[in-house]
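# Structural description and commentary
Next come the chains, spelled out residue by residue.
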Amino acid sequence: MKTSRITELLNIEYPIIQGGMAWISDANLAAAVSEAGGLGIISGVGSTEEVRAEIKKTKLLTKKPFGINIMLMRDNIDEIAKLVCDEQIAVVTTGAGSPGKYIEDWKKHNVKVIPVVPSVAIAKRMEKFGADAVIVEGMEAGGHIGQLTTMSLIPQVVDAVDIPVIAAGGIGDGRGIAASLMLGACGVQMGTRFLVSEECKVHENYKERVLNAKDIDTEVTGTSTSHPVRVLRNKLTREYIKLEKSNADPREIEALGKGALRKAVIDGDINNGSVMAGQIAGLVNKKQSCKEIINELMDELDLVLGRVCNE
Ligand code: TUI
């Protein structure tokens, strides 16, 4: 595959973006992906000082472009948004809300802005606000999700906006990338596949749980509180869903999830922690370096595209 609108926009070799996973995507992971020719993304979740340190570390590890993901439900967003400008980060992706009020400032500082969106309406709004591209994420994704699947959402957004569309949710190999391109996307974002990479610092227990997951092992919690989150099924999800079904006080339900992601990622407590992963976890069954992952993805993509174009 030659260049695409997204490789040109981001000045990267391959149209592959690594998802900015809260508590997971750090300097080591992001730098490894960027060094391998994709776009590495660090998570902007943490104290402002922690995030600043992670940015500085990434800059030491790679001279290639990298990005930062801003989870808009956090409370230090104003500070992190300013940090993006001060540190002149090449790309910002956002999730779990609208980054509208920050976009003008980021653009003034030459930052490429790529919000993650779960619907056509929000994609159109982001285009109007001046976003450079959108990451369109289907509900197959891990973590906080919307309601529509990647397969139905991508072509609808592609028809509705003129800016480049990057597909996310349920993409784990070269076939998934090829399918995304067929639907009109010009690149992909992948989280679950990079979660088990050698450079990813997530606890070994978490990696093993993802590597051993089957197709039907994810579940969506938080629908009743309007914060749907896809995770791998465990003791926590059973308790969570029991509470949701019993019409418990939403504050009690939310309290059960508080700190649960950190518990799984850092402590490796995969029974009581939140093991976020996409539906593609069943396909992700080997640990590789980020370079091996990206090279394999691009080889598979060439093979599939060759097959389609030559038949
Ligand atoms: O943000 C994500 N995925 C995430 S964030 C996250 S951190 C977390 N930690 C603990 C509990 C819950 C989450 C884990 N996974 N994906 C991008 C995404 N954005 N999915 C859906 C959306 C979204 C939703 C609404 C984007 C925009 C939006 O707009 C609403 C509006 O007001 O316009």
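Up top you'll find the structure we're talking about.
Residues numbered from 1 in each chain as written. Predicted model: local features only at pLDDT ≥ 70, side-chain atom pairs only at ≥ 80, totals over all residues. Heavy atoms only, no water.

Turning to the overall build of the protein chain, a few remarks are in order. Within the protein chain one finds 14 helices and 11 strands. Against the compact-globule benchmark of 19 Å for 311 residues, the protein chain has a radius of gyration of 18 Å, which places it among compact chains. Taken over the C-alpha atoms alone, the protein chain extends approximately 50 × 45 × 40 Å along its principal axes. Looking at the protein chain residue by residue over its 311 residues, the buried ones come to 54%. Residue pairs at least 24 apart in sequence account for 60% of intrachain contacts in the protein chain once pairs closer than 6 positions are excluded. Put simply, the protein chain shows about 13900 Å² of open surface, and 50% of that area lies on carbon and sulfur atoms. (Helix = DSSP H or I, 4+ residues; strand = E, 2+ residues; numbered from the N terminus. Rg over C-alpha atoms; globule rule 2.2 N^0.38 Å. Buried < 20%, exposed > 50% of the residue type's maximum accessible area, 1.4 Å probe, protein only. Contact = heavy atoms within 4.5 Å. Areas by Shrake-Rupley, 256 points an atom, 1.4 Å probe, with all protein chains shown as cover.)

All of the buried residues along helix α8 (residues 174-182) are Gly 174, Gly 176, Ile 177, Ala 178, Ser 180 and Leu 181. Looking one or two places after α8, you find Gly 184, whose phi comes out positive at around 110 degrees.

On to the sheet that holds strand β3 (residues 66-71), then. With parallel pairing, the 8 strands of this open sheet are ordered in space as β1-β9-β8-β6-β5-β4-β3-β2. Only two strands of the sheet have a single neighbouring strand rather than two, namely β1 (16-18) and β2 (40-43). Adjacent strand axes in the sheet meet at a mean angle of 25 degrees when their direction is disregarded. Note: strand β8 (residues 165-168) against strand β9 (residues 187-190), 3 bridges, orientation parallel. Within the sheet, the bridge partner assigned to Ala 167 lies in β9 and is Val 188. Across the face of the sheet, helix α3 (residues 48-61) comes into contact with β2 and β3 while running at roughly 165 degrees to β3. (Pairing = 2+ DSSP bridges. Axes fitted to C-alpha atoms, helices over the stretch in contact; angles between N-to-C directions.)

All right, on to the pattern of salt bridges then. Counted under the stated rule, the structure contains 17 salt bridges. Here Lys 107 makes a salt bridge to Asp 132, at a shortest N to O gap of 2.7 Å. With a gap of 25 residues between them, Lys 107 in helix α5 (residues 100-108) and Asp 132 in the loop between α6 (120-129) and β6 (134-137) connect regions that are remote in the sequence. The class for Lys 107 is partly exposed, based on a relative accessible area of 32%. Glu 239 is the salt-bridge partner of Lys 235, the closest N and O atoms lying 3.6 Å from each other. Taken as a pair, Lys 235 and Glu 239 lie in helix α11 (residues 235-245) at a separation of 4 residues, close to a single helical turn. Note on Lys 235: relative accessible area 39%, which makes it partly exposed. In this structure Glu 239 comes out as partly exposed when scored by relative accessible area, which is 35%. Overlapping salt bridges, with partners in common, bring together Glu 204, Lys 207, Glu 208 and Lys 287 in one network. (Salt bridge = Lys/Arg side-chain N within 4 Å of Asp/Glu carboxyl O.)

Bringing helix α7 (residues 150-160) into the picture now. Buried within α7 we find Thr 150, Leu 153, Ile 154 and Val 157. In an axial view of α7, the angular spread of the buried residues amounts to 100 degrees, which keeps them on one side of the axis. In α7, those exposed residues whose orientation departs by more than 90 degrees from the buried face are Met 151 and Asp 159. Elements that come into contact with the buried residues of α7 comprise α6, β6 and β8. (Arc of directions from axis to C-beta.)

Attention now moves to the packing of helix α2 (residues 27-35) against α3. The interhelical angle for the contact between α2 and α3, taken along N-to-C directions, is 35 degrees, at an axis separation of 9 Å. The crossing of α2 and α3 is right-handed. Residue-level contacts link Ala 27, Asn 28, Ala 30, Ala 31 and Glu 35 of α2 to Glu 54, Lys 57, Thr 58 and Leu 61 of α3. (Left-handed = near helix turned anticlockwise from the far one by under 90°.)

Time to look at the site of the ligand. Residues in close proximity to the ligand total 15 residues, the closest being Ala 96, Val 116, Arg 125, Glu 137 and His 144. Within the contact set of the ligand, a nitrogen atom lies 3.0 Å away from a backbone nitrogen or oxygen of Ala 96. For the ligand, an oxygen atom lies 3.0 Å from a polar atom in the side chain of Arg 125. Bound to the protein, the ligand loses 74% of the 710 Å² it would expose on its own. (Near = heavy atom within 4 Å. Polar contact = N/O pair within 3.5 Å; in protein donor to acceptor, adjacent residues only side chain to side chain.)

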